[in-house]
Amino acid sequence: MTTAPAPHRPKLAVWKFASCDGCQLTLLNCEDELIPLAGAIEIAYFPEATRAVVEGPYDVSLVEGSITTPEDEERIHRVRAASTRLITIGACATSGGIQALRNFGDVAEFRSIVYAHPEYLSTLEHSTAIADHVAVDFELRGCPIDRRQLLEVLAAELQGRRPQIPSHSVCVECKQRGNVCVTVAHGTPCLGPVTQAGCGALCPSFSRGCYGCFGPQDSANTASMAAQLKRQGMSEPEVLRIYRTFNAASEAFRRESERHEPEHHGAGGGPS
C-alpha cells in the first residue's frame, strides 16, 4: 500500500525594509485566524515570528517597509527574484511611508544634525515604494494595514483569485456605520473624501477627522478637498502638512502638497 504524497503547502515569506514593524504585528495579531492559516501554508521566512528559515523560492512574499538605503535597493531585487508573488503591505512599502518626508528636504543636512558621524551613514536621498524598484503583484495599503484586509489577501492567494479590497473612499465606510459627517456637523477637517477605505472609518467614528492613513482613493479630487479645508479655516502651511503624513509621497498627495509650498502659492499656484 503506497502512501499518498503530502499536499503542497505554499511557502510564505515576510520581509522587512525601512518601517516600524506595525504591519508585521498586524499579521501576528490575527491570533485565532493565524493557527488554521499556518496549517494551510508554510511560514518559511518571518524573523518577527520565528527563527526558522526555509530556503526559497517562495510562493508568496509579503514586504513591509520602504527602500531607503543602497543595500535595501539591492536586496529587494533578490527578494523579487525568489518570489512567485510579491505583495507589499502598509504605507511604507506602497508609498514610501512617513520617512518619505525626507524627499521634500535636504538629507545631507538631516544627517549632519542627527548623527555625530554622518560619514558612516549609508542612505539614499529619497524613501521610495517597493513598486518603484521591482514588479509588485498587489499593494495592501494602510498605516498599519487592516487585519481583515490582510486575511482577505492571504485567502485570495490560497484560492487563486484577486483580493476583494475596496477602492472607494472612507466616506462610504462612514455611511455604512451610520456616522454623522464630522465636517458637515462640526466643521472638522477630514480627508475622508479623498482617502481609500480600509480602516472602517475609525477616526470619524470617534468624532475625529480622517488623517489619510490608507492613502489617496483612486479618483481623489485633492484640489477640491484642499479648497474645502481652506474654507474651514486652514492656512496654506496647514493644508500642506495635512497631505504630508503617512502617505506623503503617494502621487496624488505629493502633487497636492507641492501646490501649497510657499514658492507655488506666492506665484498663484495654490488653490483658491
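Structure's up top.
Per chain, residues are indexed from 1 in the order of the written sequence. Totals for whole chains, interfaces and linings use every residue, but because this is a predicted model, local features are given only for residues with pLDDT of at least 70 and side-chain atom pairs only at 80 or more, for both listing and counting. The basis for every side-chain value is the complete set of non-hydrogen atoms in the structure, without hydrogens or water.

### A few points about the overall build of the chain
How we decide: Each helix corresponds to a stretch of at least 4 residues labelled H or I by DSSP, and each strand to a stretch of at least 2 residues labelled E; elements are numbered beginning at the N terminus. Restricting the calculation to C-alpha atoms gives the radius of gyration, and the globule rule supplies 2.2 Å times the number of residues raised to the power 0.38. Three exposure classes are used, based on accessible area relative to the maximum for each residue type with a 1.4 Å probe and protein chains only: buried under 20%, partly exposed in between, and exposed over 50%.
Summing up its helical and strand segments, the chain has 12 helices and five strands in all. Whereas a compact globule of 272 residues would reach a radius of gyration of roughly 19 Å, the chain reaches 21 Å, a difference of no more than 12%. For the chain, the spread of C-alpha atoms along the principal axes amounts to about 80 × 55 × 25 Å. Counting only residues that meet the buried cut, the chain has 44% of its 272 residues in that class.

### So, the sheet that holds strand β5 (residues 138-140)
Applied cut-off: Paired strands are those between which DSSP finds at least two bridges. Axis definition: a line fitted to C-alpha atoms, limited for helices to the stretch in contact. Angles are taken between N-to-C directions and run from 0 to 180 degrees. Here a residue-residue contact requires only that any non-hydrogen atoms of the pair lie within 4.5 Å.
The strand order across the open sheet formed by five strands is β2-β1-β3-β4-β5, and the pairing between neighbours is parallel. For this open sheet the edge positions go to β2 (42-45) and β5, each flanked by a neighbour on one side alone. Averaged over all pairs of adjacent strands, the angle between strand axes in this sheet comes to 30°, irrespective of strand direction. Across the sheet, helix α3 (residues 70-81) touches β1 (11-16), β3 (58-64) and β4 (83-89), and the angle it forms with β4 is around 130°. Most of the contacts of helix α6 (residues 147-159) go to β5, to which it runs at about 160°, and overall it touches β1, β3, β4 and β5.

### Looking at a nonpolar patch on the surface
We count it as follows: In this scheme, patches are assembled from residues that exceed 30% relative accessible area and form no salt bridge. Like charges are connected within 9 Å, while nonpolar side chains (Val, Leu, Ile, Met, Phe, Trp, Tyr) are connected within 5 Å. Note on areas: Shrake-Rupley with a 1.4 Å probe; residue coverage comes only from the protein chains shown. What makes a salt bridge here is a side-chain nitrogen of Lys or Arg within 4 Å of a carboxyl oxygen of Asp or Glu, nothing more.
A cluster of nonpolar residues, Ile-113, Val-114 and Tyr-115, forms a patch on the protein surface that exposes about 330 Å² of accessible area. Along the polypeptide, Tyr-115 turns up in the loop between α5 (107-114) and β5.

### Concerning the layout of surface pockets
Definition in use: Using only the protein atoms, space was sampled on a 1 Å grid; points where a 1.4 Å probe fits but cannot get out form cavities, open sets with protein on both sides within 12 Å along at least five of seven lines form pockets, and lining residues are those with an atom within 4 Å of a point. Grid points are joined across faces, edges and corners, and a volume is the space filled by probe spheres set on the points. Only Asp, Glu, Lys and Arg are considered charged, only Ala, Val, Leu, Ile, Met, Phe, Trp, Tyr, Cys and Pro nonpolar, and every remaining residue, Gly among them, polar.
Within this model, the largest pocket holds a volume of roughly 290 Å³. Lining the largest pocket are 19 residues; nearest its centre among them are Cys-143, Pro-144, Cys-199, Leu-202 and Phe-214. Residues that form the lining of the largest pocket fall into these classes: 12 nonpolar, four polar and three charged. In this structure, the second largest pocket spans a volume of roughly 220 Å³. Along the walls of the second largest pocket sit 15 residues, with Cys-171, Cys-174, Cys-181, Val-182 and Cys-190 positioned nearest its centre. Those elements giving two or more residues to the lining of the second largest pocket turn out to be α7 (170-177), α8 (182-186) and α9 (222-231). Broken down by element, the residue count for the lining of the second largest pocket peaks at four residues, all from α7. A per-class count over the lining of the second largest pocket returns 10 nonpolar, four polar and one charged.

### Here's the deal with the nonpolar core
For clarity, the cut-off: Working definition of a nonpolar core: buried Ala, Val, Leu, Ile, Met, Phe, Trp, Tyr and Cys residues. They are joined through side-chain atoms within 4.5 Å.
One finds Leu-27 and Leu-62 to be the most contacted residues of the largest nonpolar core, which totals 19 residues. Setting aside residues no more than four positions away along its own chain, Leu-27 makes contact with Val-14, Leu-34, Phe-46, Leu-62, Leu-150 and Leu-154. Val-170, Val-194, Leu-229 and Met-234 belong to the second-largest nonpolar core, a separate cluster that totals 17 residues.

### Regarding α9
Those residues of α9 that sit buried are Thr-222, Met-225, Ala-226, Ala-227 and Leu-229. In this fold, the buried residues of α9 make contact with α10 (236-242) and α11 (251-258). Trailing α9 by a residue or two, Gly-233 shows a phi angle of about 105°, which is positive.

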